[in-house]
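# What the coordinates show
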Amino acid sequence: MSDSVVEVRDLTKRYGAGKGANQVIHGVNAQIQDGEFIVIVGPSGCGKSTLLRMVAGLEEVSDGQISIGGRVVNDLEPSDRDIAMVFQNYALYPHMSVFDNMAYGLKIAKRPIEEIKARVDKAAGILELSHLLQRKPRELSGGQRQRVAMGRAIVRQPQVFLFDEPLSNLDAKLRAQTRLEIQKLHRELGITSLFVTHDQVEAMTLGDRIAVMKDGLVQQFGTPAQIYNHPANRFVAEFIGSPAMNMVDAQRTGQALTAHGVELAITDAQRAAVQAHGSAELVYGLRPESISFAATGLPGTLSMIEPTGPETYATVDTPAGQLTARVPGVLQASVGDAVHLQWQADQSHLFDRASGVRVG
């Protein structure tokens, strides 16, 4: 297979013209390496599916450039871009068998019968569909139908796979199972893939790198560890992670950082960054799992306890603000109890309150 790097440069999408134009993609830049699995994640309406459809050729490019394997594809039809797309709805032909659904594109391309059978049999083997090839879609479960849709993409042997929220119609158990199948599929085939989702769990578990989008802009593009541990701004910090990162309004007071008069723990590097930043209005962020209960520390009152089985989410009202802790196992406490919270300074994140950008 030829080098399958996907590159988008200054990509823009507008609907309409003139002053009334609605711009939904604002100058996106990204390079996806050969064989990478990239996840585009963001809330509804952020432009992630529009971006994917532009790569696929289903949406026209207003400005900018898309290249696949070193070839500019802006003006090419979807069928000429050497891509295969898996949609949220399976789009299977109900009157055709699984075999015929998977083989349909190859038959239209007039590939030899022997080649078609070999490709379908190989894809069916990878996806554990070999025993279902003669069934009709109505005889399959939702997860099996989604595997057929993926099999139809695999037999094309494209340069690039494009997935548009393919797991959204599945229940939680099937989503988890199909995620594993997609991971296995990527390991075996190594085809460059772009996967759109609004689900942060899918993003964190599937992506080699993640592009977090908001309002038609990529907010951060990095590995799952980079996105989680060093979010570029407040939006990324709150969007990735469950429960969401705690955010407390804070003020720079001399060399210290305080919230409602309570001094907050920061590192020397953060202290220097705050001084250099200039603004006194900041936001102090803490992941729930960074907070622990202790005999001493920030005092507070338990206001909510949410046991989930393996861990418990505990919300505590403190003088600095409301904080949620994520602790392992069952919390031996009751709502209304007086407690103390502790955390390490190097587990905190600082953001500018006005712009949301990361300070330290």
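Coordinates for the structure precede this section.
Calculation criteria
Residues numbered from 1 in each chain as written. Predicted model: local features only at pLDDT ≥ 70, side-chain atom pairs only at ≥ 80, totals over all residues. Heavy atoms only, no water. Core = buried A, V, L, I, M, F, W, Y, C linked by side-chain atoms within 4.5 Å. Buried < 20%, exposed > 50% of the residue type's maximum accessible area, 1.4 Å probe, protein only. Contact = heavy atoms within 4.5 Å. Pairing = 2+ DSSP bridges. Helix = DSSP H or I, 4+ residues; strand = E, 2+ residues; numbered from the N terminus. Lys, Arg positive; Asp, Glu negative; His and termini not counted. Salt bridge = Lys/Arg side-chain N within 4 Å of Asp/Glu carboxyl O. Polar contact = N/O pair within 3.5 Å; in protein donor to acceptor, adjacent residues only side chain to side chain.

What follows concerns the nonpolar core. Val41, Met102, Val120, Phe195 and Val212 are the most contacted members of the largest nonpolar core, which has 46 residues in total. Excluding residues within four positions of it along the chain, Phe195 makes contact with Phe37, Ile38, Val39, Ile40, Phe163, Pro166, Leu167, Ile182, Glu202 and Leu206. Formed by 26 residues, the second largest nonpolar core is a distinct cluster that contains Val262, Leu282, Leu331 and Val359.

Here we come to the pairing of strand E2 (residues 22–32). Judged from the seven bridges that link them, strand E1 (residues 6–15) and E2 form a sheet pairing that is antiparallel. When the bridges of E2 are listed, Leu11 appears paired with Val28.

Further remarks concern the environment of Met204. When you line up the elements, Met204 lands in helix H6 (residues 200–206). Using a relative accessible area of 27% as the deciding quantity, one classes Met204 as partly exposed. Residues Met204 and Ala225 lie 21 residues apart in sequence; the distance between their C-alpha atoms is 8.5 Å. Not counting chain neighbours up to four residues away, the residues in contact with Met204 comprise Ile210, Pro224, Tyr228 and Ile240.

Bringing the sheet that holds E2 into the picture now. The strand order E2-E1-E4-E5 describes an open sheet built from four strands, whose pairing is antiparallel. Strands with a single pairing partner mark the edges of an open sheet, and in this sheet they are E2 and strand E5 (71–72). Note: strand E4 (residues 63–68) against E5, two bridges, orientation antiparallel. In the strand pairing of E5, Ser67 is matched with Val72.

Let us now look at the environment of Ala244. In this structure, Ala244 sits in the loop between helix H8 (234–239) and strand E11 (246–253). Spatially, the C-alpha atom of Ala244 lies 9.2 Å from that of Leu286, the residues being 42 residues apart in sequence. Excluding residues within four positions of it along the chain, Ala244 makes contact with Glu238 and Pro288.

Now for the side chain of Arg81. Structurally, Arg81 can be placed in the loop between E5 and strand E6 (83–86). Despite its burial, Arg81 remains without a salt bridge, the nearest opposite charge being carried by Asp75 at 6.9 Å. Here Met54 takes part through its backbone oxygen, which lies 3.0 Å from a polar atom of the side chain of Arg81. Setting aside anything within four residues of it in sequence, one finds Arg81 in contact with Met54, Val55, Ala56, Gly57, Ile68, Arg71, Val73, Asn74 and Leu76.

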